[in-house]
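# Structural overview
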Amino acid sequence: MVNSNSDLTNRVFAIIYRNWRDALWHSFGVEDLQKKQRMKCSVLTNPFLLIKDYLYRILKEVSRVASEINRDLKDSEPLFLSVLNGSFMFAADLMKNIEIPCEISFVKLASYCGDSSTGKVKELVGLNEDITGRTVVIVEDIVDTGLTMERLIETLKARNPKEIRIATLLVKPDKLQVDLKIDYVAMNIPNDFIVGYGLDYDGKGRNYRDIYTVVSE
Ligand code: IMP
């Protein structure tokens, strides 16, 4: 009897905690990034501190992007091209919300070292589909300077698609160096270097389910 009472109490506390935590996620957005709690990260140890972002906001915005694509491309049978490695989490959550006939394929581009864009792009690897006359939706993790995306579009255009659209999880509008029409954006963010939810810092941090900003300690 005592045990079942304490089980019940534990369960009630678990529910209260979950609701409280969800409500908290609700109230934060990327705009608040700088104000958020600072926390040390076990993978990316010194000299970095990470500021935590909130999963709730990410999934909400990803599902909004999916709704826009469902609405705009319902008669196009698009081919989604997920650019690996960074877009794998975004692509997975996005595709779970895509309800129109479509295909998805995965391509690879340049590697990215350290915390600034090199501007160099390796060749496009892994595109086996014939995209002639097709609507292609590029699924990217982040548009920073936009140079990577500009070159990818040039490469794809040479294969004569009907149209190319861009869906990206993140954009740093103040860093953009090229004139890009970005059709679908989950979140605009400041000029911080981001890890988590697929994005890495020298290969680390991709597995975090939230987004973090790397800051100097
Ligand atoms: P861009 O050519 O400057 O737009 O850079 C695009 C690529 O750089 C992205 O696909 C990422 O791989 C990488 N990148 C840019 N900013 C970040 C960041 O804040 N975190 C992790 N990777 C980034």
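Data block above holds the structure.
Now for a look at the structure at hand. (Residues numbered from 1 in each chain as written. Predicted model: local features only at pLDDT ≥ 70, side-chain atom pairs only at ≥ 80, totals over all residues. Heavy atoms only, no water.)

Around the ligand, the structure places 17 residues, and the nearest of them are Asp 144, Thr 145, Gly 146, Thr 148 and Ile 194. A distance of 2.4 Å separates an oxygen atom of the ligand from a polar side-chain atom of Thr 148. In the model, a nitrogen atom of the ligand is placed 2.8 Å from a nitrogen or oxygen of the Ile 194 main chain. Contact with the protein chains removes 93% of the 490 Å² of surface that the ligand exposes when unbound. Of all elements in the fold, only strand E5 (135-143), helix H4 (147-157) and strand E8 (193-195) reach the threshold of two or more residues within the shell around the ligand. (Near = heavy atom within 4 Å. Polar contact = N/O pair within 3.5 Å; in protein donor to acceptor, adjacent residues only side chain to side chain. Areas by Shrake-Rupley, 256 points an atom, 1.4 Å probe, with all protein chains shown as cover. Helix = DSSP H or I, 4+ residues; strand = E, 2+ residues; numbered from the N terminus.)

This next bit is on the environment of Asp 144. For Asp 144, the location among the structural elements is in the loop between E5 and H4. A distance of 3.0 Å separates a polar atom in the side chain of Asp 144 from a polar atom in the side chain of Lys 175.

On to the pairing of strand E7 (residues 184-188). Residues in a regular strand point their side chains to alternate faces of the sheet. Counting buried positions along E7 yields four of five residues, so the element is predominantly enclosed. Pairing of strand E6 (residues 163-171) with E7, which is carried by four bridges, proceeds in the parallel orientation. If you follow Leu 170 over to E7, its bridge partner there is Met 187. (Buried < 20%, exposed > 50% of the residue type's maximum accessible area, 1.4 Å probe, protein only. Pairing = 2+ DSSP bridges.)

Moving on, we get to the layout of surface pockets. In this structure, the second largest pocket spans a volume of roughly 190 Å³. Along the walls of the second largest pocket sit Glu 150, Ile 153, Glu 154, Lys 157, Ile 164, Ile 166, Asp 179, Leu 180, Lys 181 and Asp 183, which together make up its complete lining. When residues of the lining of the second largest pocket are traced back to their parent elements, those giving at least two are H4 and E6. Looking at side-chain class alone, the lining of the second largest pocket contains four nonpolar, no polar and six charged residues. (1 Å grid on protein atoms, 1.4 Å probe; cavity = no way out; pocket = protein on both sides within 12 Å on 5 of 7 lines; lining within 4 Å. Points joined across faces, edges and corners; volume = space filled by probe spheres on them. Nonpolar A, V, L, I, M, F, W, Y, C, P; charged D, E, K, R; others polar.)

These results come straight from atomic positions and should not be treated as a statement about function.
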